[in-house]
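Examination of the molecular architecture
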Amino acid sequence: MSTNRPTWVAVAALVGATLFWAGNYVIGQRAVEAIDPLSLVLLRWALAFVPLLVIAQLVERPRWREVARAWPWLLALSAFGIVGYNLPLYAALEHTDAFSASLVNAFNPALITLAAAVFLCERLTPLSVGGVLIALAGVLVVLSDGDLGSLFHGGFGTGELLMLVAITAWTAYTVLGRRAPRLPPVTSTAVQSGVAVVVLAPFSLASGGPAWPGTGAALGSLVFIVVFPSVLSYLLWNHALTVVPPGRAGVFLNLITVFTAVFTILAGEPWTAAQVAGGAVVIGGVVLTNWKAFRGTGADSGPAAGRYSGSPGIAEGSKARSSHE
């Protein structure tokens, strides 16, 4: 019984991490009602930077000279992962609901599989191809709200289009991350957040920002986003990866959409049958794409599998190495 305790603790950590990342969608939708996306991304990572840096130093004790030598990679990862994903994500939440955004995001693992085959020469099996196509069909159902013909007439909605930009950026982030030098995960996240703050601050100041929360509700939303999806989720995820192989951990990312759907229903927000059906198809396609990970077999299921076990589409800046994504 006691020998299984670390595994159960790791599973609880994975569930907690995905729960908080789902909260980023729901709370983020409310936050952008009072804080513009640029200010929200800047404030989120400016406030998360110090605790992440302190935790990195206390827990990982990084070799800062090695970290400094990886600056081109960290700059690129920050551009795609923190800025390139978060900015269009929060912009999307100004135009669409959290549930729809999370459903589009659910396609990200399949998109990453496809990109890995193209850019990293990873083998794409017939099962993976079928999974990608099924997941894509589910996304099209969500984007069209069940009326595929509308895509040929009205195209994508603004929010959904921005989410496609976001998951494309996260895919690029993941591909880059698999080629980047190995760095401690929390350290990498902290440095990337610092880079993002330095890059975004001039743009925010030039536009008259950053816009600080003007109400208690807006401040509460910002605090939640800083504490839970920005800091605690990464700590929980990285802790879990010391016990659970990356391929199997990645399976838990599908819970983000599930939790977002639950939050939507509990909050009494409107939802449609097309969203539910499309989301189920997307997740089914992702399951097929990553079938070896679900079965616990194959190259990606071992303890040393993959440099990144990642949190595709989570909006949180760093894939932890496993040895995080």
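Everything in this summary refers to the structure shown in the same document.

1. Quick look at the overall build of the protein chain
Per the secondary structure count, the protein chain includes 15 helices and zero strands. Counting over 325 residues, the protein chain shows a buried share of 52%. Counting every atom, the protein chain has about 14,100 Å² of accessible surface; 69% of that belongs to carbon and sulfur.

2. Quick notes on the packing of helix α4 (residues 71–92) against helix α10 (residues 185–206)
Two elements in contact, α4 and α10, have axes whose closest approach is 9 Å; the angle formed by their N-to-C orientations is 80 degrees. Comparing their axes, α10 and α4 come out roughly perpendicular. Facing Leu-74, Leu-75, Leu-77, Ser-78, Ile-82 and Val-83 of α4, the residues of α10 in contact are Ser-188, Thr-189, Val-191, Gln-192, Ser-193, Val-195, Ala-196 and Leu-200. Looking at the contact of α4 with α10 residue by residue, the classes come out as nine nonpolar, five polar and no charged.

3. Quick word on the packing of aromatic side chains
In this structure the tally under the stated criterion is six aromatic pairs. Here the aromatic rings of Tyr-85 and Trp-170 are separated by 5.1 Å at their centres, their planes lie at 70 degrees, and the arrangement is edge-to-face. Of this pair, Tyr-85 sits in helix α4 while Trp-170 sits in helix α9 (residues 158–179), placing them 85 residues apart in sequence. Of the two residues, Tyr-85 and Trp-170, both sit in the buried class. These aromatic residues form a ring-pair network of at least three members: Phe-20, Phe-224 and Phe-228.

4. Details of the pattern of salt bridges
One pass over the full model with this rule turns up two salt bridges. Of the charged contacts, one joins Arg-178 and Glu-122 as a salt bridge, the two residues approaching to 3.4 Å between their closest N and O atoms. Taken as a pair, Arg-178 in helix α9 and Glu-122 in the loop between α6 (108–119) and α7 (126–144) lie far apart in primary sequence, 56 residues in all. Residue classification places Glu-122 among the partly exposed residues on the basis of a relative accessible area of 38%.

5. Re the packing of helix α2 (residues 37–60) against α10
Two elements in contact, α2 and α10, have axes whose closest approach is 7 Å; the angle formed by their N-to-C orientations is 150 degrees. On the basis of their axis angle, the class for α2 and α10 is roughly antiparallel. For the element pair α2 and α10, the recorded crossing hand is left-handed. Together, Leu-38, Ser-39, Val-41, Leu-42, Trp-45, Ala-46, Phe-49, Leu-52, Leu-53, Ile-55, Ala-56 and Glu-60 of α2 and Pro-185, Val-186, Thr-187, Thr-189, Ala-190, Ser-193, Gly-194, Val-197, Leu-200, Ala-201, Phe-203 and Ser-204 of α10 make up the contact between the two elements.

6. A look at the environment of Asn-86
Among the secondary structure elements, Asn-86 is positioned in helix α4. Note on Asn-86: relative accessible area 0%, which makes it buried. Asn-86 sits 48 residues away from Leu-38 along the chain, and the two C-alpha atoms are 9.1 Å apart. Within the local environment of Asn-86, its side chain forms a polar contact with the backbone oxygen of Ile-82, the two atoms lying 2.7 Å apart.

7. Brief notes about the nonpolar core
Among the nonpolar cores identified, the biggest contains 66 residues, and Tyr-25, Leu-40, Trp-45, Phe-107, Met-163 and Trp-237 are the most heavily contacted of them. When residues of this core are assigned to their parent elements, the largest contribution, ten residues, is made by α2. Counting residues in each nonpolar core, the second largest holds five residues, with Val-67, Ala-70, Leu-74 and Leu-183 among its members.

8. Some thoughts on unusual backbone geometry
Each neighbour pair has its own omega, and for Gly-209 with Pro-210 the value is -5 degrees, a cis peptide bond. One non-glycine residue, Arg-61, adopts positive backbone phi at about 45 degrees. Within the secondary structure, Arg-61 sits in the loop between α2 and α3 (64–69). Its relative accessible area of 60% is what places Arg-61 among the exposed residues. Despite not being glycine, Cys-121 has its phi angle at roughly 60 degrees, a positive value.

9. Some points on the side chain of Ser-204
Looking at where Ser-204 falls in the secondary structure, it is placed in helix α10. Using a relative accessible area of 1% as the deciding quantity, one classes Ser-204 as buried. The contact partners of Ser-204, leaving out residues within four places of it in the chain, are Leu-38, Ser-39, Leu-42, Gly-209 and Pro-210.

10. Thoughts on the side chain of Thr-264
Topologically, Thr-264 is positioned in helix α13 (residues 255–266). Not counting residues within four places of it along the chain, the set of residues in contact with Thr-264 comprises Phe-99, Glu-269 and Pro-270.

11. Here's the deal with a nonpolar patch on the surface
Among the surface-exposed residues, Val-50, Val-54, Leu-58 and Val-59 lie close enough to one another that they form a single nonpolar patch of about 390 Å² accessible area. Its place among the elements puts Val-59 in helix α2.

12. Regarding helix α11 (residues 216–240)
Here α11 is 25 residues long and its end C-alpha atoms lie 34 Å apart, about the 36 Å a rise of 1.5 Å per residue gives. Its maximal kink placed at Leu-232, α11 deviates by approximately 35 degrees.

Criteria and thresholds
- Residues numbered from 1 in each chain as written.
- Predicted model: local features only at pLDDT ≥ 70, side-chain atom pairs only at ≥ 80, totals over all residues.
- Heavy atoms only, no water.
- Helix = DSSP H or I, 4+ residues; strand = E, 2+ residues; numbered from the N terminus.
- Buried < 20%, exposed > 50% of the residue type's maximum accessible area, 1.4 Å probe, protein only.
- Areas by Shrake-Rupley, 256 points an atom, 1.4 Å probe, with all protein chains shown as cover.
- Axes fitted to C-alpha atoms, helices over the stretch in contact; angles between N-to-C directions.
- Parallel < 35°, antiparallel > 145°, perpendicular 65-115°, else oblique.
- Contact = heavy atoms within 4.5 Å.
- Nonpolar A, V, L, I, M, F, W, Y, C, P; charged D, E, K, R; others polar.
- Phe/Tyr/Trp six-rings, centres within 6.5 Å; stacked < 30°, edge-to-face > 60°.
- Salt bridge = Lys/Arg side-chain N within 4 Å of Asp/Glu carboxyl O.
- Left-handed = near helix turned anticlockwise from the far one by under 90°.
- Polar contact = N/O pair within 3.5 Å; in protein donor to acceptor, adjacent residues only side chain to side chain.
- Core = buried A, V, L, I, M, F, W, Y, C linked by side-chain atoms within 4.5 Å.
- Patch = residues over 30% accessible without salt bridge, like charges linked within 9 Å, V, L, I, M, F, W, Y side chains within 5 Å.
- Expected span 1.5 Å × (residues − 1).
- Bend = angle between axes of the 7 residues up to and from the residue.

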